[in-house]
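Understanding the architecture of this molecule
Okay, here's what each chain looks like letter by letter:
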Amino acid sequence: MIDAMDFSLLALSSPGWGGALLAGFLRSVELAAGGYLLGLVIGLLGATAKLYGGRVLRDIAEIYTLLIRAVPELVLMLLFYYVGTDLLNKLMGAMGREGIDIDGLSAGILVIGLVQGGYATEVIRGAIRAVPPGQIEAAQAFGMSPLKVLRRVTLPAMTPHALPGMANLWMIATKDTALLAVIGFSELTLVTKQAAAATREYFLFFIAAGLLYLALTLISNLGLRWLERRARRGLPAAA
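Position numbers for residues count from 1 along each chain, tracking the sequence in the order it is written. Local features are withheld for residues below a pLDDT of 70 in this predicted model, meaning they are given only at 70 or higher, and side-chain atom pairs are given and counted only at 80 or more; totals for whole chains, interfaces and linings count all residues. Think of the side-chain values as coming from all heavy atoms in the structure, minus any hydrogens and water.

1. Here we look at the UniProt feature "transmembrane region" (unreviewed entry) in the chain
With numbering matched to this structure, UniProt assigns "transmembrane region" (unreviewed entry) to residues 7-26, 32-52, 64-84 and 202-224. Each helix is a run of H or I in the DSSP string that is no shorter than four residues. Each strand is a run of E no shorter than two, and both are numbered from the N terminus. Between the end C-alpha atoms of residues 202-224 the distance is 33 Å, and the span holds 100% helix and 0% strand. UniProt positions are given in the numbering used here, feature names are shortened, and annotations may be inferred rather than shown by experiment.

Dropping the structure here:
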């Protein structure tokens, strides 16, 4: 089977599809990174609301995380993309303004970020609860404001506990970009499908796409292990 494959189709220049695959791969990385960072911000806000917010904020955060964990990710992406865009344009129309056309990259980042945020909320909430209360009480005794306690004590102390879960969420984000092919965003999976359909070389192109995803995972693992070692400096070695 390998001997029968036409590797010239992976050339970077036309008629090869290598350049298109790499461009789709870079868009997938952009989507994953943007969605992951947005999910991290939402997770921090959600965890803060659950732990320190009033009843209304806690209930909103609880409903949000429940929906994210209960509904399949593909369904959530379709809902956020189509229903969310439609509701936003109707709201703009009710305000007497023209509807907006959200570009694919921004929409993809928003969709992945909203999905990631639900899981990140629980990861960060658990990590904050793992911080010994005595550290926070000592900071408060020194007269630190709540924001300074969060920035100088809580966030640094919770990071080693949050990193394993957040590392898994990064891996999930890189795979979730493939789901956006359903809504027509031109990332690696959609480009691979188009190349395979045009050349009938399905095995060649999907193996190439799989190798690109594998390379991203291996590089990510190296970076995440380095971050975890730095975050755990001075702490007992993990069993």
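After that view of the structure, there is still more to cover.
2. Regarding the nonpolar core
Counting residues in each nonpolar core, the largest one holds 22 residues, and the members touching the most others are Ile 124, Met 158, Met 166 and Trp 170. At the level of elements, helix H1 (18-52), helix H4 (104-129), helix H5 (133-141) and helix H6 (146-176) are the ones that each hand at least two residues to this core. Here this core gets 11 residues from one element, more than from any other, and that element is H6. Note on definitions: a residue-residue contact is assigned when non-hydrogen atoms from the two residues lie within 4.5 Å. Beyond its immediate sequence surroundings of up to four residues, Met 158 is in contact with Ile 124, Ala 127, Ile 128 and Val 131. Core analysis: the second largest hydrophobic core is formed by 14 residues, Ala 195, Leu 204, Ala 209 and Leu 216 among them. The definition of a nonpolar core used throughout is a set of buried Ala, Val, Leu, Ile, Met, Phe, Trp, Tyr and Cys residues joined through side-chain atoms within 4.5 Å. The rule is simple: take the accessible area with a 1.4 Å probe, protein chains only, and divide by the maximum for that residue type; under 20% is buried, over 50% is exposed, in between is partly exposed.

3. Here we look at helix H3 (residues 73-94)
Each helix should span, by expectation, one fewer than its residue count multiplied by 1.5 Å. Spanning 22 residues, H3 covers 30 Å between terminal C-alpha atoms, matching the ideal 32 Å at 1.5 Å per step. Listing the buried residues of H3 in full gives Glu 73, Leu 76, Met 77 and Met 92. Residues of H3 that are buried make contact with helix H2 (55-70), H4 and H6. Of the residues flanking the end of H3, it is Gly 96, one or two places downstream, whose phi is positive at about 80 degrees.

4. Description of the pattern of salt bridges
Each salt bridge in this description consists of a side-chain nitrogen of Lys or Arg and a carboxyl oxygen of Asp or Glu lying within 4 Å of one another. Across all of its chains, the model carries 3 salt bridges by this definition. Notably, a salt bridge pairs Lys 50 with Glu 122, separated by 2.3 Å at the nearest N-O pair. Of the two residues, Lys 50 sits in helix H1 while Glu 122 sits in helix H4, which places them 72 residues apart along the sequence. Like Glu 122, Lys 50 is buried. A salt bridge links Arg 125 to Glu 122, with the shortest nitrogen-to-oxygen separation between them at 3.0 Å. Of this pair, Arg 125 and Glu 122 both sit in helix H4, 3 residues apart, which is roughly one turn of that helix. Judged by its relative accessible area of 27%, Arg 125 is partly exposed.

5. Some words on a nonpolar patch on the surface
Residues Val 75, Leu 79, Tyr 82, Val 83 and Leu 87 make up a contiguous nonpolar surface patch of about 440 Å² in total accessible area. Residue placement: Val 75 occurs in helix H3. Among the residues examined, Val 75 registers a relative accessible area of 38% and is labelled partly exposed. Patch membership requires over 30% relative accessible area and the absence of a salt bridge. Like charges are linked within 9 Å, and nonpolar side chains (Val, Leu, Ile, Met, Phe, Trp, Tyr) within 5 Å. Calculation of accessible area relied on Shrake-Rupley with a 1.4 Å probe; when residues are assessed, cover is drawn exclusively from the protein chains displayed.

6. Focus on the side chain of Gln 116
Mapped onto the elements, Gln 116 comes out in helix H4. Taking relative accessible area as the criterion, Gln 116 reaches 2% and is therefore assigned buried.

7. Regarding the packing of aromatic side chains
Classification of ring pairs uses Phe, Tyr and Trp, with its six-membered ring standing for Trp, and accepts pairs whose centres are within 6.5 Å; under 30 degrees between planes counts as stacked, over 60 as edge-to-face, and the remaining range as tilted. According to the stated counting rule, one finds 1 aromatic pair in the structure shown. Relative to Trp 170, the ring of Tyr 36 has its centre 5.6 Å away and its plane inclined at 80 degrees; by these criteria the two rings are edge-to-face. Within this pair, whereas Tyr 36 is found in helix H1, its partner Trp 170 is found in helix H6, the two being separated by 134 residues in sequence. Across this residue pair, the class does not change: Tyr 36 and Trp 170 are buried.

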